[in-house]
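# Close look at the chain arrangement
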Amino acid sequence: VESVQSSVEAIKQLTKRATQQAEQGVDHDGRVLSQLGALKQKLAVEKISMEATINNLSTSSQNSQHKLDIVNKEVAELLSQISELRSQLEEAHRNKSDVEA
């Protein structure tokens, strides 16, 4: 009877330890899942922030490109006007030389 009781007590102790370990494992898994959930939320917020930043940069880049296109067009017009004025100046010098000669 004593050996049966000691065997039953040993089994109860093993069962108790196994249950405690299982509960600790469940608690640990719960903490890990909670941390992963918090990380997932943080990453979702960061993703939204990054998407907004990318959209702002894209818009800014498009605006800058538009302004650059306008400036390039104005520079081309000015170069054309300068070329035309040089031609007129050369013509005026030739006419002056012809008149003086």
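For the structure, see preceding data.
Calculation criteria
- Residues numbered from 1 in each chain as written.
- Predicted model: local features only at pLDDT ≥ 70, side-chain atom pairs only at ≥ 80, totals over all residues.
- Heavy atoms only, no water.
- Helix = DSSP H or I, 4+ residues; strand = E, 2+ residues; numbered from the N terminus.
- Areas by Shrake-Rupley, 256 points an atom, 1.4 Å probe, with all protein chains shown as cover.
- Lys, Arg positive; Asp, Glu negative; His and termini not counted.
- Charge placed at Lys NZ, Arg CZ, Asp CG, Glu CD.
- Salt bridge = Lys/Arg side-chain N within 4 Å of Asp/Glu carboxyl O.
- Buried < 20%, exposed > 50% of the residue type's maximum accessible area, 1.4 Å probe, protein only.
- Patch = residues over 30% accessible without salt bridge, like charges linked within 9 Å, V, L, I, M, F, W, Y side chains within 5 Å.

## Digging into the overall build of the chain
- For the chain, the helix and strand inventory stands at one helix and zero strands.
- Principal-axis analysis of the C-alpha atoms gives the chain an extent of 145 × 20 × 10 Å.
- As displayed, the chain offers around 9300 Å² of accessible surface, 58% of which is attributable to carbon and sulfur atoms.
- For the chain, the distance from the average position of its 12 positive side-chain charges to the average position of its 15 negative side-chain charges is 10 Å.

## Some points on the pattern of salt bridges
- Evaluated as defined, the whole model comprises two salt bridges.
- The salt bridge involving E51 is made with K47; its shortest N-O contact spans 3.9 Å. Separated by four residues within a single helix, E51 and K47 lie in helix α1 (residues 2–100), roughly one turn from each other.
- Among the salt bridges present, the one from E91 reaches R94, with a minimum N-O distance of 2.8 Å. Highlighted residues: E91 and R94, both in helix α1, separated by three residues, approximately one helical turn.
- The partly exposed category is assigned to E91, whose relative accessible area is 37%.

## Remarks on a nonpolar patch on the surface
- There is a patch of nonpolar side chains on the surface, built from V32, L33, L36, L39 and L43 and spanning about 450 Å² of accessible area.
- Here L39 is to be found in helix α1.

## Notes on the environment of L85
- Mapped onto the elements of the fold, L85 is located in helix α1.
- Spatially, the C-alpha atom of L85 lies 18 Å from that of K73, the residues being twelve residues apart in sequence.

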